[in-house]
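# Commentary on secondary and tertiary structure
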Amino acid sequence: QLQASGGGLVQAGGSLRLSCAASGRTFSSYTMAWFRQAPGKEREFVAGITWNGGNTYYADSVKGRFTISRDNAKNTVYLQMNSVKPEDTAVYSCAIDRNRFVIATMSNPYDYWGQGTQVTVSS
């Protein structure tokens, strides 16, 4: 089970930190990622991190503003969101891919999904 938290309402230019905690089993060996879905749009990849944090990958739209990290001891992945923009408004979900070495940007390879947390950025 994946539990995402940390969403909310923030002004443009502000910051938020999302967390996704895994329970029930250990996911420290797997790639983890954040996706988001805005109203009327398809779900899109935001950021991913390999099992040991050695590699990260970001969507161009968030590169330089968002940082993904993980704490395997806590079975948790984080998304630090800085300099947020109104177009970052979406439901953010975390996901796990059992391929530990690859960061997929499509949804299909991900095996486990958490419920989303709403992020709303006001202008």
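Everything quoted here is computed from the prediction, not taken from an experiment.

### Quick look at the sheet that holds strand β3 (residues 16-22)
Spatially, the 4 strands line up as an open sheet ordered β1-β3-β8-β7, and their pairing is antiparallel. Bordering the open sheet on either side are β1 (2-5) and β7 (66-71), each of which pairs with just one other strand. Going across the sheet, the axis of each strand differs from the next one's by a mean of 15°, ignoring polarity. Pairing of β1 with β3 involves 4 bridges; the strand directions are antiparallel.

### Quick look at the pairing of strand β5 (residues 44-49)
Every other side chain in a regular strand lies on the same face of the sheet, so the side chains alternate between the two faces. Counting buried positions over the 6 residues of β5 gives 5, a clear majority of the element. Bridge count for strand β4 (residues 31-37) against β5 is 5 bridges, and the pairing is antiparallel. Across the sheet, residue Arg36 finds its bridge partner in β5, namely Glu44. Taking the residues that link successive antiparallel strands as the turn, the β4-β5 hairpin has 6 residues, and the phi of Gly40 there is positive, at about 75°. Note: β5 against strand β6 (residues 56-58), 3 bridges, orientation antiparallel. Its bridge partner lying in β6, Ala47 is registered against Tyr58. Here β5 folds back onto β6 in antiparallel fashion, the turn holding 6 residues, of which Gly53 has a positive phi close to 80°.

### Considerations on the packing of aromatic side chains
In this description, an aromatic ring pair is defined by two values, namely the gap between the centres and the angle between the planes. Under the definition given, this model contains 7 aromatic pairs. Taken together, Phe35, Phe45, Tyr57, Tyr110 and Trp113 form an aromatic cluster joined through their ring pairs. If you follow Arg43 out to its NZ or CZ, it ends over the ring of Trp113, 3.9 Å from the centre. Lys63 extends its terminal NZ or CZ atom over the ring of Tyr57, reaching a point 6.0 Å from the ring centre.

Conventions we followed
- Residues numbered from 1 in each chain as written.
- Predicted model: local features only at pLDDT ≥ 70, side-chain atom pairs only at ≥ 80, totals over all residues.
- Heavy atoms only, no water.
- Pairing = 2+ DSSP bridges.
- Helix = DSSP H or I, 4+ residues; strand = E, 2+ residues; numbered from the N terminus.
- Axes fitted to C-alpha atoms, helices over the stretch in contact; angles between N-to-C directions.
- Buried < 20%, exposed > 50% of the residue type's maximum accessible area, 1.4 Å probe, protein only.
- Phe/Tyr/Trp six-rings, centres within 6.5 Å; stacked < 30°, edge-to-face > 60°.
- Lys NZ or Arg CZ within 6 Å of the ring centre and 35° of its normal.

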